[in-house]
Every structure is written in C-alpha cells, then in structure tokens.
Amino acid sequence: MEQFGQEYARLCAAAGAAPQEAVLQRLREPDAARGRLDLAAQSLSLQTCSALGRLLPGAAPFAALALGDCGLSEEGVRLLLHGLCSNTTVKSLDLKGNNLRTMGAEALGKLLMQNKSIRSLTLEWNSLGMWEEGFSFFCQGLRANNFLQHLDLRNNQINHQGAGELAMALAQNSSLQELDLRWNNVGLLGGRSLLNCLHSNKTLKRLELAGNNVPGDILKAVEQALDHNQDREAILSEAQNRVNILNKEVLSLKDEKNKQFMDFVDTVDKQKEERARSEKMSAARVSQLQEALDEQYSIMNSLKTKLQMTEAALALSEQKVRNLGELLNAMKQEQNSVAECHFKELQQQKQEGADREGRLLHDLSAASEKNLLLRSQVDELERKCKFQQDQLFQVKQDLTNTTAELKLRAVEAEERLEMEKKRFKQSLEDMESLRVKEVDRVTQHMEASERSLHNRIQRLEAIRISLEEELSQVKAAALTERGRAEEELIKVRSQARLEEQQRLEHLEEKLRLMTESRDEAQNCCLKQKEMVAEAQAKAKQLSLCADGLRRRLDELQQDLDSKEEEKVTELNKVKVELQEKIGHLEAERTAQSGLREKIAALERQLKALSSNHREALLDKEGEISLLLEKLRMKEAEISRMREEEAQRASFLQNAIMAYVQGSPLGTHGSRK
C-alpha cells in the first residue's frame, strides 16, 4: 500500500498538482492495509481521479473501493471507471451520492461490459433514471455482464420506462442475485415488467421494491417468483451435490477396479513366471534325460569294447590251447580226479560269483533308473568302473595266461562267455524296460503338465479376454516342444533298437564262430589222444607245473574275493548316496505340490474377488438408477410447479388487467 501511495504522489507531481493529503492519510489507515480503500465523503479533484484511474488497471492492492459522497465530476467519474475496466482485484465498488449523469451512466455501462471482477456495485442517490439514454446504456452493460451479484439502485428516480429497460437486462443476465430498487418511481407498469422478467431469470433471489407505488399483489407475485428461484437454486445445488457425490463414488469404484485389475495382472504375471519356470525345469529335465541316455550309450560302448577285449583274450587262449593240446591231454588222464574236484569248486565259486554279480547288476540298474538326474555321481561311478575294469582286465589276462596251459580252463571260459552273454542280454532287456518306463513317465508328466496348463489357460481366458493371444502362443509353443521331444524320443528309441539288433547279430555271429572253433578243438583233442602215450613221460614234470599253477590260481582267487568285497562296499556307498538323493527329490516334489495348492488358493481368491466386484458394481448401478429416478421425479415436480406458477401469474395478470380497466384510472387512460 505504501508503494501505491508513492505511485499516486509521483503521478500527481508529474501532472503538476499536489497530492491530496486526505487520500494519502486514507492510504495509511489499517483498512487500506486489509484491502479496503475508503475515500467516502472526500472531495476528489480531477488530478486525483486521473492518477487513481492510471493506478487502478491490473492488480490493485485492495479488493473494495468506497467513493461515496465524493462529489465527483463527470470527467473524474469517467477516468476512474476507465481505470477499473481492466482491474482484476476490486470486488466491491461504492459510488453512492455522486449525482452521476449521462456520461457517468455510459461509463458504468462500459465498466459492466469489460470488468470481470466486480461482484457488488452500490449506486444509491445518483438519479440515474432521469437520463434515459445513459440509463439504457447502463442496462445494456448489465445485460452483457455475467459476474455482478449485488446491485444497489436506491433513490435513483427510476420510472416505469427505466424499470422496463432494467427488466429486459435482467431477462438475459445470469449472475445477479440481489437487486435493491427501493424509493424509486417504478409504479404498476414497472412492477409488471419486473415480474415478467422473473419468468426467464432464474438466478435473482432478492428484489426490494418498497417505496415504488407497486401494488401488493404484484409484490406478492414477485416474492413468490423469488421464492421459486431460491427453491430451484436449492434443488439444483442439492442435485449438483448428489451428482458430485455420485461422481466421487464412481471414481472410487473405478480406482478400486483399476487396483483389482492391476492385482489381477500381477497375479497373471506371477503365474506366467511360474509357468515359464516350470517349462524351463521340464526342458532341463528332458536335457538331463537325454544326457543320461547318452551316458547309457557310452556305457554300452564301453561294454562293447570290453567284450571285444574278452574275445581277443579268448582267441589267444584258443591259440594256446591248440599249441598245448598234447600236453593237456596227457595231464587230463593223470589228474582227472583232481581236475574234477577243482572243477566242481570252481563251478560253485563261479555260480556264487555269477549270482552275486546278477544281484549287483540288478541293484545297479535300479540305481541307474533313479539316478538319471545325478550326472556328477554317474561320472564318478564311471571313473571307478573304468578303474575296476582295468583291474579286472589285468586279472583276466593273468587268468587267460594260466588257463592257456589247461584245456579245462577253455571249457570254463566258454561257459563263462555263455553266462556273460545271458547276463548281458538280461541287462540290455532291463535297460530297455527301464528306458521305456522312464520315457512313459516323462511323457505322462508332460501330458499332465500340458493338461494343467490348458485348464489354467481356460480359466484365465474366462477372466481376461485380452490374454487369449498370448496364451494361445504359449500353448502352441508347448505343443511344438512336446512334438519335438516326442520326435527326439522316437529317434533315440529307434536308434537304440537298431544298435541292439546289430549288437545281438554280432554276438550271435561270434557265438557261431566260437562253436565252430570248439568243434575243431574237440576234433584236435581226439586226434591228440593218440599222442597221450608219448606225453606220459612228461606227466611228472607237468604235475609239478600243475601244482605251481594251482597255487597261482588260489592266489588269484583270493585277489578276486578281495576285489569283490571292495566292489560290494563301493556299491553300498553308492546306494546310500542314491537314497539321500531320492529323499531330496521327494522333498522337492512335496514343495512343488505345496506351490500347486497355493496357486489353486490364489485362483479361488481371484474368483471370489471378481464375484464381489461384480456384486458391488450391480449394487452401485442400482443406487445410481434409484437416484436418477428421484431426479426425474424432482424435475417432473419442478415442471409441475412451474406450470402452476405460470397459471397463477396468468390468473393474476388477468385480474390486474380487469381491475385496471374497471378502475377510474383505467377509464381515464382509455379516454386519453
């Protein structure tokens, strides 16, 4: 406010006039600091009006301006109101008792057309109704204004013509709420025109017409129209409040729905992640099974090599048997009893070893069936088996070297070969059955997972249609992966069958060759029986050699027993480790079952939430329909009230016209 006073003093000095001390004093008062400039009853000069008019445009530092009883000239009023035309802060303007004329009324009309901030205008004691042209311009400004709410026109000598102009302005004004026309000369015609304008004006709530010679029935009609406007405003405000409440509830429902949808999207994303994780686990499982099959093929290849080595050793033994047939025949006659005893003992030991090896191979096959996913343990077992195979190969070489001197060892080797063939065939059959079972189990697991995924996709399709394309893509990918896995399994199965057929054919061919060689050896033995007499001389020497060989066989048998014990201990260790791994796998299976139960619980919760949401939406829609029905009833009631008021007004107008025509005043007016 001090800056405003300084600017006022500067403008007055620039105009060559001294600033008025009364104005400066009013600018220093506390009311001015609170936003009210009170210059009432101060005689303002033209220079002061010019300076204030130049300071008022824009954002002035006050919201109320009081200029009552200031004796303003026409030019001073024009300058002040011109400055207020572009003002944005003044809300209340008081110009009472300034004797405004035509120029002042025109300036007021221009102010009402251009200003958008003034809400209250006081024009008491100004005699605006005496100047018809100026008052009509003022009414035009009031007609164009949509911001003024309070207008005071007391004691302005407004006649029935001015009231008609004012009524036409009020018919198009939509912001004025209070109008004070007391102590004017409105009369009957002016009151009637004001009453007619209230039919189109629905915002005016207060109209004072005391001291205007307006009949009481017109005043009552005006009061009824104003009450109707107030009721209408109250109903509209109530309806607007209800609409706002409904909009807030709808927005809250939309927010809740959006939150539920986001939660649903999050759950769907989590389910997608879990499904992708399960697919990855299944793919890893298939890859592990493939690796296990490859390992089985490698084991079978190692067994092939082992068989080839045994065949080579047998070929060497046959060669040595042919070379030493004569000596063996001589030894056979002298030591039949000893050989038979040893043969029986060796047969019993071999039978026990074969049974033990059969049990161990059965245990190994069961362990390999359960240990397909444990690659590291299989690698360690392969290294141990290779080491044991090397040791067994060395032992067998020693055995072949010792049995090369005895024909009996050749027969035992043939029997062992037959037993090995039978056991190998049994192991191949067991491996084939295990592989078929594992493939069936994998396919069943894949089919079960596909069925569960298909059911879950159907449930998700019923909840959210937008996910159909993605779910179909996932289903197609799963089907392609299943087809690819089945094709790979079919290829592996066919390849294994071909390899097994080739291996069996090869073994049968070798067996045929060995039988032929055995027949040839028997023929050679028959031929060499004739040379027994010549070899009797060497029997004693050979008996000594046989004793040494027996001792050597006993030592080798002890070594074999120790090796078998070590092998049994290692197999027991492997069994314990496999049982531990099986326990871990069962724990993982239980964890997966718990996860499936959690997923089912989440899906049930989602269904319950969706059902609750639908019920809430239905309830809200029912409430909205009830409120709309109430609004329609209120609007019908308002229209009925309007019709009744219009009928009453028409009845009143007819009565007034009849009264006027029947009164002496009406007859006098008709004579004129």
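Residues numbered from 1 in each chain as written. Predicted model: local features only at pLDDT ≥ 70, side-chain atom pairs only at ≥ 80, totals over all residues. Heavy atoms only, no water.

Now for the overall build of the chain. Secondary structure assignment for the chain yields 18 helices and 7 strands. Out of the 672 residues belonging to the chain, those deemed buried represent 33%. Of the contacts formed within the chain by residues at least 6 apart in sequence, a portion of 86% connects residues at least 24 apart. When the accessible area of the chain is evaluated, it comes to approximately 40100 Å², of which 53% is carbon and sulfur surface. (Helix = DSSP H or I, 4+ residues; strand = E, 2+ residues; numbered from the N terminus. Buried < 20%, exposed > 50% of the residue type's maximum accessible area, 1.4 Å probe, protein only. Contact = heavy atoms within 4.5 Å. Areas by Shrake-Rupley, 256 points an atom, 1.4 Å probe, with all protein chains shown as cover.)

Let us now look at the nonpolar core. Burial of nonpolar side chains together is a common tendency in soluble globular proteins. Judged by nonpolar contacts, the single largest core of 70 residues is most densely connected at Leu123, Leu151, Leu153 and Leu179. Sequence-distant contacts of Leu151, that is, excluding residues within four places in its chain, are made with Leu121, Leu123, Phe138, Leu142, Leu176, Glu178, Leu179 and Asp180. Core analysis: the second largest hydrophobic core is formed by 8 residues, Leu293, Tyr297, Phe424 and Ala496 among them. (Core = buried A, V, L, I, M, F, W, Y, C linked by side-chain atoms within 4.5 Å.)

Per the counting criterion, the structure on display carries 17 salt bridges. When salt bridges with common partners are traced through the structure, they connect Glu124, Asp152, Arg154, Asp180 and Arg182 into a single cluster. (Salt bridge = Lys/Arg side-chain N within 4 Å of Asp/Glu carboxyl O.)

Before going further, it helps to examine the sheet that holds strand β4 (residues 120-122). Strand order in the open sheet formed by 7 strands is β1-β2-β3-β4-β5-β6-β7, and the pairing between neighbours is parallel. With one partner strand each, in any of the chains shown, β1 (36-38) and β7 (206-208) form the two edges of the open sheet. Shown here is a sheet whose adjacent strand axes are inclined to one another by a mean of 0°, direction ignored. One ladder, built from 3 bridges, connects strand β3 (residues 92-94) with β4; its direction is parallel. Residue Leu93 lies in a different strand from β4, and its bridge partner there is Leu121. (Pairing = 2+ DSSP bridges. Axes fitted to C-alpha atoms, helices over the stretch in contact; angles between N-to-C directions.)

Time to look at the UniProt feature "coiled-coil region" (unreviewed entry) in the chain. UniProt's feature table lists "coiled-coil region" (unreviewed entry) at residues 229-256, 300-334 and 364-644, given in the numbering used throughout. Split by type, residues 229-256 is 100% helix and 0% strand. Its first and last C-alpha atoms lie 40 Å apart. (UniProt positions renumbered as here; feature names shortened; annotations may be inferred.)

Despite not being glycine, Ala41 has its phi angle at roughly 60°, a positive value. Summarising the element assignment, Ala41 is placed in the loop between β1 and α4 (46-55). Assessed through its relative accessible area of 57%, Ala41 is described here as exposed. Even without being glycine, Trp125 reaches a positive phi, approximately 60°. Turning to its location among the elements, Trp125 is positioned in the loop between β4 and α7 (132-144).

Attention now goes to the side chain of Ser120. Following the sequence through the fold, Ser120 ends up in strand β4. What makes Ser120 buried here is its relative accessible area of 17%.

Time to look at the side chain of Glu124. Among the secondary structure elements, Glu124 is positioned in the loop between β4 and α7. Here the side chain of Glu124 touches Arg154 through a polar contact of 2.7 Å, side chain to side chain. Other than its neighbours up to four places away in sequence, Glu124 contacts Leu95, Lys96, Gly97, Asp152, Arg154, Asn155 and Asn156. (Polar contact = N/O pair within 3.5 Å; in protein donor to acceptor, adjacent residues only side chain to side chain.)

To continue, consider helix α9 (residues 187-197). The element α9 is extensively covered by neighbouring structure, given that 8 of its 11 residues are classed as buried. Those residues of α9 that fall on the buried side of the exposure criterion are Gly187, Gly190, Gly191, Arg192, Ser193, Leu194, Leu195 and Cys197.

Before going further, it helps to examine the confidence of the model for the chain. Of the residues in the chain, 88% reach a pLDDT of 70 or more, and the chain-wide mean stands at 81. Low confidence marks residues 665-672, where pLDDT is under 50. Its contacts with residues over four positions away, or in another chain, come to 2 contacts. (pLDDT = per-residue confidence, 0-100.)

This brings us to the state of the cysteines. Should the sulfur atoms of two cysteines be covalently bonded, the bond is a disulfide. The tally for this structure, following the rule as stated, stands at 0 disulfides. Sulfur of Cys49: no disulfide; nearest cysteine sulfur belongs to Cys70 and is 8.1 Å away. (Disulfide = S-S within 2.5 Å.)

Turning our attention to the environment of Lys475. Summarising the element assignment, Lys475 is placed in helix α15 (residues 468-528). Overall, Lys475 belongs to the partly exposed group, its relative accessible area being 35%. For the pair Lys475 and His454, spaced 21 residues apart in sequence, the C-alpha separation works out to 7.4 Å.

In contact at an axis separation of 8 Å, α7 and helix α8 (residues 160-172) are set at 15° when each is read in the N-to-C sense. Between α7 and α8, the angle falls in the class roughly parallel. Between α7 and α8 the crossing geometry is right-handed. In contact with Glu132, Phe135, Ser136, Cys139, Leu142 and Arg143 of α7, α8 contributes Gln161, Gly162, Glu165, Leu166, Met168, Ala169, Leu170 and Gln172. (Parallel < 35°, antiparallel > 145°, perpendicular 65-115°, else oblique. Left-handed = near helix turned anticlockwise from the far one by under 90°.)

Here we come to helix α2 (residues 21-28). If you check which residues of α2 are buried, you get Val23, Leu24, Arg26 and Leu27. With its buried residues spanning 160° around the axis, α2 presents them on a single face. Of the exposed residues in α2, the ones pointing more than 90 degrees away from its buried face are Glu21 and Arg28. In the core, the buried residues of α2 are packed alongside α1 (2-14), α3 (30-33), β1 and α4. (Arc of directions from axis to C-beta.)

The geometry of α8 relative to α9 is characterised by a closest axis approach of 8 Å and an angle of 5° between their N-to-C directions. Classified by the angle between their axes, α8 and α9 sit roughly parallel to one another. Contact residues: α8 offers His160, Ala163, Gly164, Ala167, Leu170 and Ala171, while α9 offers Leu189, Gly190, Ser193, Leu194 and Cys197. Looking at the contact of α8 with α9, its residues break down into 7 nonpolar, 4 polar and no charged. (Nonpolar A, V, L, I, M, F, W, Y, C, P; charged D, E, K, R; others polar.)

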